[in-house]
Amino acid sequence: MTTLVRGVTKVFGRKRVLSRDRITLVLFMAVPLLIYAIWVWGPALATVAISFTRWDNVSAPQWIGLHNYTRLFQDPLFKQSLINNFIWLVVFITIPTTAGLALAVILDRKLKFTRLYQSAIYLPMVLSLPVIGLMFTWFFKPDDGLVNTLLGLISHGNISPGWLADPHLALAAVLTAAIWRHVGYVMVLYLAGLKGIDPAMREAAVVDGANEWQLFRRVTLPLLKPVTIIVLVITIIESLRAFDLVYVMTNGLEGPNHATELLATMMFNAAIHNYELGYGAAVAVILLLISLAFIITYVAQVMREEEEV
Amino acid sequence: MADITLPRATEQSVAKTRRSLGPRQLKRALLHVILATIAIAWMIPLVSAIYTSVRTFADGTANGPWSFPPHSFTLQNFVDAWTDGGFSGYFLNTFLVVIPAVILMLLLSSMTAFVLSRYRFRGSRLLLMLFIAGLLLPFQVLLIPVYRLSNFLNIYDTLGSLVAIHVAFELGFCTFVLHNFMRTIPKDLTDAAAVDGASVFRIWWQVVLPLCRPALAALATLEFTWKWNDYLWVITLIQSTNNATVTLGLSGLRGEFVTNWNLITAASLLAAVPTVIVYLVLQRQFLGGLFVGSNK
């Protein structure tokens, strides 16, 4: 309490905090916090509680302990979702991040038409996922989509995969759309990071005779580390949140033979379609546990930067 | 610094006067070829959607959807989407959700950011951490309770339920960004106002908020785009067509007009118009916006 008073007095140049100001300050903190608690942290905790119940959305929830979790670990669909989420994550953390970084480094040289290139690659980020999903469904349509029309021209009609209807290709098709969108996101984050680097650092390395690869590997990349952490966390969280594209592109939510089933779609199906709120909540808790590790990393990084200033 | 940049500049101008194709120019040309190829490849899905949207359904069935040159040109698909497809209503609904949501989230988060950036008190860091940690939560973790909460508050299937969750969820991100920005505002400014007898409310409203205009503009653009494009919360909280937003209306088209891709692509392009406009107009803020304040 004394620290609070001392801190506040310091800010106000030794003047006492008037009671009207105190009310303003308390309201400024309390109103947003209350809203955040009711709609964000409260529900997150409630989900954990719901996951220990059987609940059909009509009758009162029944406490069943860990039953949802034991059921989950025997459910082949859960295994399938975990594997798909893992594939999504690995692809997402390698392809669009590398491509986005490379593009950012090239575009940072202020070549002619940089704006134009940048806009073309960033544009997908502006589109909604349902728009992207529909565009790519049309793109990958088996009989007369653009991809198969072109493949047909090259192979004289011999190659015409089913894409979204093919259990082996459905996930790849959805991922193509997701990557198309994500590259621009990563690129923009890195471009912003590159702008923050002191040019003198890189010029010094050039004077010391570093070639371009060395310059990138030993100077630029280490300096971009804070951005890289943010990019990785965002990429991971985006792959755990992935839902809309699968929902739109493989209409039946899970694709052929659940080929595109993800934790997020499985959760949605269980809770909203099958009215198994407890079971859906258990899937959500698994998602939360996986995310939590990355959320903590992110918060730690942000707080570290906070202290540096 | 001057003597480091100087040699590079002269070297460049010498190369220019010689007009020969040195290795530097060759490399530059190669980069342009690569970048142009990527940029064009990136536009293919969009361009093919535009191509489909301006052709008639009959043309596509008779000549194949990719026949070139097209045998028809029409804007009727856009008109149909807007009127029969119900997009005029979906647009109105989306604006009615997004605009109040963005204004409210910016107002509320600027209050928390103001307090957290100006005052240190016990637990202030913990509160900041709570806001930052919340911004990365997967939406699915909140889905069931928020769905039940909307039922409980009698706002299920209303635009208000969407405004509420959007405002609440984005408090984390907006507080984080605004807090970063407000820390760069010198303390002397607010102290001077305080010495002159300004109340905390006036300092927030008349000193700090006007200074935050760049950050607020950047956030408004980003949030407008994100909220305009929301899909998960709409399919969770909205049931009736009357209350549907653009993304929900769009995915609904597929069931209704299974085979009419000309209409679907036209509707998709319509749905993207507001966010593309916002992006093109406010491009600069958009790019800088993600890191406002952190790099000064």
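Conventions we followed
Residues numbered from 1 in each chain as written. Chains lettered and ligands numbered in written order. Predicted model: local features only at pLDDT ≥ 70, side-chain atom pairs only at ≥ 80, totals over all residues. Heavy atoms only, no water. Helix = DSSP H or I, 4+ residues; strand = E, 2+ residues; numbered from the N terminus. Buried < 20%, exposed > 50% of the residue type's maximum accessible area, 1.4 Å probe, protein only. Contact = heavy atoms within 4.5 Å. Salt bridge = Lys/Arg side-chain N within 4 Å of Asp/Glu carboxyl O. Core = buried A, V, L, I, M, F, W, Y, C linked by side-chain atoms within 4.5 Å. Domains from an automatic or database assignment. Buried area = accessible area lost by both parts, 1.4 Å probe. Polar contact = N/O pair within 3.5 Å; in protein donor to acceptor, adjacent residues only side chain to side chain. Nonpolar A, V, L, I, M, F, W, Y, C, P; charged D, E, K, R; others polar. Axes fitted to C-alpha atoms, helices over the stretch in contact; angles between N-to-C directions. Left-handed = near helix turned anticlockwise from the far one by under 90°. Phe/Tyr/Trp six-rings, centres within 6.5 Å; stacked < 30°, edge-to-face > 60°. Lys NZ or Arg CZ within 6 Å of the ring centre and 35° of its normal. Patch = residues over 30% accessible without salt bridge, like charges linked within 9 Å, V, L, I, M, F, W, Y side chains within 5 Å. Areas by Shrake-Rupley, 256 points an atom, 1.4 Å probe, with all protein chains shown as cover. pLDDT = per-residue confidence, 0-100.

Thoughts on the overall build of chain B
Counting secondary structure elements, chain B contains 15 helices and 0 strands. Expressed as a percentage of its 296 residues, the buried residues of chain B come to 55%. Intrachain contacts of chain B at a sequence separation of at least 6 include 73% that bridge at least 24 residues.

Overview of the overall build of chain A
In terms of helices and strands, chain A carries 14 helices and 2 strands. If you take every contact in chain A between residues at least 6 apart in sequence, the share linking residues at least 24 apart comes to 67%.

With respect to unusual backbone geometry
Even without being glycine, A:Phe113 reaches a positive phi, approximately 65°. Examined against the element boundaries, A:Phe113 turns out to sit in the loop between helix H4 (76–107) and helix H5 (114–126). Not every positive phi belongs to a glycine, and B:Asn154 is a case in point at roughly 60°. When you line up the elements, B:Asn154 lands in the loop between helix H7 (140–152) and helix H8 (159–183).

Examining the pattern of salt bridges
Taken as a whole, this structure holds 10 salt bridges over all chains when the rule is applied. Linking A:Lys141 and A:Asp143 is a salt bridge whose minimum nitrogen-to-oxygen distance equals 3.4 Å. Classification of A:Asp143 as exposed rests on a relative accessible area of 59%. Measuring nitrogen to oxygen at the nearest pair gives 2.9 Å for the salt bridge that ties B:Arg55 to B:Asp59. The pair B:Arg55 / B:Asp59 is uniform in exposure class, with both members buried. Linked through salt bridges whose partners overlap, the residues forming this network are A:Arg109, A:Glu212 and B:Lys27.

Comments concerning the side chain of A:Gln301
Residues and elements named next belong to chain A. Turning to its location among the elements, Gln301 is positioned in helix H14 (residues 277–308). In this structure Gln301 comes out as buried when scored by relative accessible area, which is 6%. Every residue in contact with Gln301, bar those within four places of it in the chain, is listed here: Pro226 and Ile229.

Some thoughts on the nonpolar core
Membership of the largest hydrophobic core comes to 198 residues, with the highest contact counts inside it found for A:Trp88, A:Met187, B:Phe114 and B:Ile132. Here this core takes 17 residues from helix H8 (residues 170–195) of chain A, the largest share from any one element. When residues of this core are assigned to domains, at least three fall in each of domain 1 (17–63) and domain 2 (67–308) of chain A. Ignoring sequence-local partners within four residues, the contact set of A:Trp88 consists of A:Leu171, A:Val174, A:Leu175, A:Ala178, A:Ser239, A:Ala242, A:Val246 and A:Leu262.

Re the interface of chain B and chain A
In this assembly, 103 residues from chain B lie in contact with 106 residues from chain A. Summing both partners gives a buried area of about 10,000 Å² for chain B against chain A, and 76% of it is carried by carbon and sulfur. Across the pair A:Glu212 and B:Lys27 runs a salt bridge, and its minimum N-O distance is 2.4 Å. Applying the counting rule to chain B against chain A returns 16 residue pairs in polar contact (both at pLDDT 80 or more). Of the residues assigned to the side of chain B that touches chain A, the class counts are 71 nonpolar, 21 polar and 11 charged.

A few points about the environment of A:Ile286
Residue and element names in this part refer to chain A. By the element assignment, Ile286 lies in helix H14. Given the relative accessible area of 13%, Ile286 is considered buried. It is 9.3 Å that separates the C-alpha atoms of Ile286 and Tyr69, two residues lying 217 residues apart in sequence. Ignoring any residue separated from it by four or fewer positions in sequence, one finds Ile286 in contact with Tyr69, Leu72, Phe73 and Phe78.

Here we look at the packing of H5(A) against helix H2 (residues 23–53) of chain B
Packing of H5(A) against H2(B) brings their axes to within 9 Å, and their N-to-C directions diverge by 35°. Along this stretch, H5(A) crosses H2(B), giving a crossing that reads as left-handed. Judged by residue contacts, A:Tyr117, A:Ala120, A:Ile121, A:Leu123 and A:Pro124 of H5(A) engage B:His32, B:Leu35, B:Ala36, B:Ile38, B:Ala39, B:Trp42, B:Met43 and B:Leu46 from H2(B). Across the contact of H5(A) with H2(B), the residue classes break down as 12 nonpolar, 1 polar and no charged.

Here we look at the packing of aromatic side chains
Inspection of every chain in the model, using the stated rule, returns 37 aromatic pairs over all chains. Taken together, a centroid distance of 6.4 Å and an interplanar angle of 35° make the contact between B:Phe95 and B:Phe224 tilted. Taken together, the positions of B:Phe95 in helix H5 (residues 87–118) and B:Phe224 in helix H11 (residues 213–228) put the pair 129 residues apart, joining distant regions of the chain. Among the aromatic side chains, those forming a connected cluster through ring pairs are A:Phe28, B:Phe114, B:Tyr119, B:Phe201, B:Trp204 and B:Trp205. A:Arg71 extends its terminal NZ or CZ atom over the ring of A:Tyr279, reaching a point 3.5 Å from the ring centre. Here the basic side chain of A:Arg241 rests over the ring of B:Phe139, its NZ or CZ set 4.2 Å away from the ring centre.

Some thoughts on a nonpolar patch on the surface
Residue and element names in this part refer to chain B. Residues Phe95, Ile99, Ile103, Leu107, Phe201 and Trp205 make up a contiguous nonpolar surface patch of roughly 540 Å² in combined accessible area. Among the elements of the structure, H5 and helix H10 (200–211) are those that each provide at least two residues to the nonpolar patch. In terms of residue count, H5 provides more of the nonpolar patch than any other element does, 4 residues in total. Within the secondary structure layout, Trp205 lies in helix H10.

Details of the side chain of A:Asn85
Inspection of the secondary structure assignment puts A:Asn85 in helix H4. With a relative accessible area of 4%, A:Asn85 lands in the buried category.

Some remarks on the confidence of the model for chain A
Averaged over every residue, the pLDDT of chain A is 87; the share at 70 or more is 92%. Under a pLDDT of 50 for its full length, residues 1–6 of chain A has, in the predicted model, 3 contacts with residues more than four places off or in other chains.

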